[in-house]
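Residues per chain are reported as follows:
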Amino acid sequence: MKKKLILVTIVFTALILTACGGDPGNGAANGGEEVDQISAIYTQAAQTLSAEIALTEAAKPIASPTSLSSPTPVFLASNTPLPALASPSPFPTLPPLSSPTPFPTQSSSGSIGGRPCHRAELMFESPNDGWVLRPNESFVKEWRFANSGDCTWTDSYRIVLTDGTNFGNLGIYNLRDVSDMGADGTPNGTRLIIRMSFQAPDTPGHYVGYYMLAEPDGTLFGVGDLGNERFWVDILVRNP
């Protein structure tokens, strides 16, 4: 701002001098002198301004470089050790599992190879269930079994009435008396035909008698996957 004020002052002074020094009567002769005077004034003003600028710049202090401040070291907090884990509490002691109760088997001979030792498979029967008879009429019941267990049936085995109507005189029959069992018995995979003579009751109605086979010691066995199911005689007695 100061530099501009000095320059304006010089130029204004030059204009005043030109105005004061001009003589209209002299004409062109004086014109050249006036131009020279104005040029000299501008030159002087420019020189004066340049000198002022130089002095002003020289007078400015040279700023010393700002030294970078050393960074303040930041110290990380030392790792706080994690609290020691408490030793895990022992698992609750569970009561021991109770031993499974085995399915009751009829045979005392156990099983061999995962299959009951005594088991029968019913292959055929006659007459079929619901056979109609007259009161006191005699009939023959036939069962054909396959020995599907691992133990051989012998002539010491029996057939036993376990429940229901007794169509005969006895409740227990030796197999050798009512079957086609040979001298070698009935081993696994062979068949046995049992034929028993019965008599229908004297009163009309529906009658069922249930039977099973028995080992020499009296242990019962029968049909089904486990050899513990009964087979039966099922008849209808009609009015005469």
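Note that the coordinates shown come from a computational prediction; the quantities given were computed from them, not determined experimentally.

1. Observations regarding the sheet that holds strand β3 (residues 120-126)
Link 1 in the chain: Here three strands make up an open sheet; going across it, the order is β3-β5-β8 and the pairing antiparallel. Edge strands, defined here as strands with exactly one partner in the open sheet, are β3 and β8 (191-199). The mean angle between the axes of side-by-side strands here comes to 25°, regardless of whether they run parallel or antiparallel.
Link 2 in the chain: Pairing geometry for β3 and strand β5 (residues 138-147), over six bridges, is antiparallel. Counted as the bridge partner of Glu-125 is Trp-143 from β5.

2. Observations concerning the packing of aromatic side chains
Link 1 in the chain: Going through the model one piece at a time under the given rule, you end up with ten aromatic pairs.
Link 2 in the chain: Note on Tyr-210 and Trp-232: the rings are 6.1 Å apart at their centroids and 65° apart in plane angle, and the pair reads as edge-to-face. You can see Tyr-210 sitting in strand β9 (residues 205-214) and its partner Trp-232 sitting in strand β11 (residues 231-237), a full 22 residues away along the chain.
Link 3 in the chain: Of the residues examined, Trp-232 reaches a relative accessible area of 34% and is grouped as partly exposed.

3. Some details on the pairing of β8
Link 1 in the chain: Burial of β8 is one-sided: the residues Leu-192, Ile-194, Met-196 and Phe-198 facing one way are buried, the residues Arg-191, Ile-193, Arg-195, Ser-197 and Gln-199 facing the other way are not.
Link 2 in the chain: Two strands pair when backbone bridges link them, and β5 and β8 are joined in this way by nine bridges, in the antiparallel orientation. The partner of Lys-141 across the bridge, within β8, is Met-196.

4. Topic: unusual backbone geometry
Residues apart from glycine generally show negative phi values, whereas peptide bonds are mostly found in trans.
Link 1 in the chain: In this structure, the amide linkage connecting Ser-126 to the following residue, Pro-127, adopts the cis form with an omega of -5°.
Link 2 in the chain: Residue placement: Pro-127 occurs in the loop between β3 and β4 (131-133).
Link 3 in the chain: Even without glycine at this site, Asn-136 takes up a positive phi of about 65°.
Link 4 in the chain: Mapped onto the secondary structure, Asn-136 falls in the loop between β4 and β5.

5. What about the state of the cysteines?
Link 1 in the chain: For the coordinates displayed, the defined rule picks out one disulfide.
Link 2 in the chain: Here Cys-117 engages in a disulfide with Cys-151; their sulfurs sit 1.2 Å apart. Note that Cys-117 is positioned in the loop between β2 (115-116) and β3 and Cys-151 in the loop between β5 and β6 (158-164), a separation of 34 residues in sequence. Across the pair, Cys-151 and Cys-117 agree in class, each one buried.

6. Observations regarding the nonpolar core
Link 1 in the chain: One finds Ile-159 and Ile-194 to be the most contacted residues of the largest nonpolar core, which totals 28 residues.
Link 2 in the chain: Of all elements in the fold, only β5, β6, α3 (175-178), β8, β9 and β11 reach the threshold of two or more residues within this core.
Link 3 in the chain: Excluding residues that lie within four positions of it along the chain, Ile-159 makes contacts with Trp-143, Gly-171, Ile-172, Tyr-173, Leu-175, Val-178, Ile-194, Met-196, Tyr-211, Met-212, Leu-213 and Phe-231.

7. Some thoughts on the pattern of salt bridges
Link 1 in the chain: One pass over the full model with this rule turns up four salt bridges.
Link 2 in the chain: A salt bridge links Lys-141 to Glu-125; its shortest N-O distance comes to 2.9 Å. A residue pair is termed long-range when its members are at least 10 positions apart, and Lys-141 in strand β5 and Glu-125 in strand β3 qualify at 16 residues. In terms of burial, Lys-141 and Glu-125 fall into one category: buried.
Link 3 in the chain: Here the salt bridges share partners, and the residues they tie into one network are Glu-142, Arg-144 and Arg-195.

8. A short note on the environment of Arg-158
Link 1 in the chain: Mapping Arg-158 onto the fold places it in strand β6.
Link 2 in the chain: Along the chain, Arg-158 and Val-178 lie 20 residues apart, while their C-alpha atoms are 9.2 Å from each other.
Link 3 in the chain: Ignoring sequence-local partners within four residues, the contact set of Arg-158 consists of Ile-172, Tyr-173, Asn-174, Leu-175, Met-212, Leu-213, Ala-214, Glu-215, Pro-216 and Gly-218.
Link 4 in the chain: Among the polar contacts listed, one links the side chain of Arg-158 to the backbone oxygen of Pro-216, at a separation of 3.4 Å.

Quick notes on the rules
- Residues numbered from 1 in each chain as written.
- Predicted model: local features only at pLDDT ≥ 70, side-chain atom pairs only at ≥ 80, totals over all residues.
- Heavy atoms only, no water.
- Pairing = 2+ DSSP bridges.
- Helix = DSSP H or I, 4+ residues; strand = E, 2+ residues; numbered from the N terminus.
- Axes fitted to C-alpha atoms, helices over the stretch in contact; angles between N-to-C directions.
- Phe/Tyr/Trp six-rings, centres within 6.5 Å; stacked < 30°, edge-to-face > 60°.
- Buried < 20%, exposed > 50% of the residue type's maximum accessible area, 1.4 Å probe, protein only.
- Disulfide = S-S within 2.5 Å.
- Core = buried A, V, L, I, M, F, W, Y, C linked by side-chain atoms within 4.5 Å.
- Contact = heavy atoms within 4.5 Å.
- Salt bridge = Lys/Arg side-chain N within 4 Å of Asp/Glu carboxyl O.
- Polar contact = N/O pair within 3.5 Å; in protein donor to acceptor, adjacent residues only side chain to side chain.

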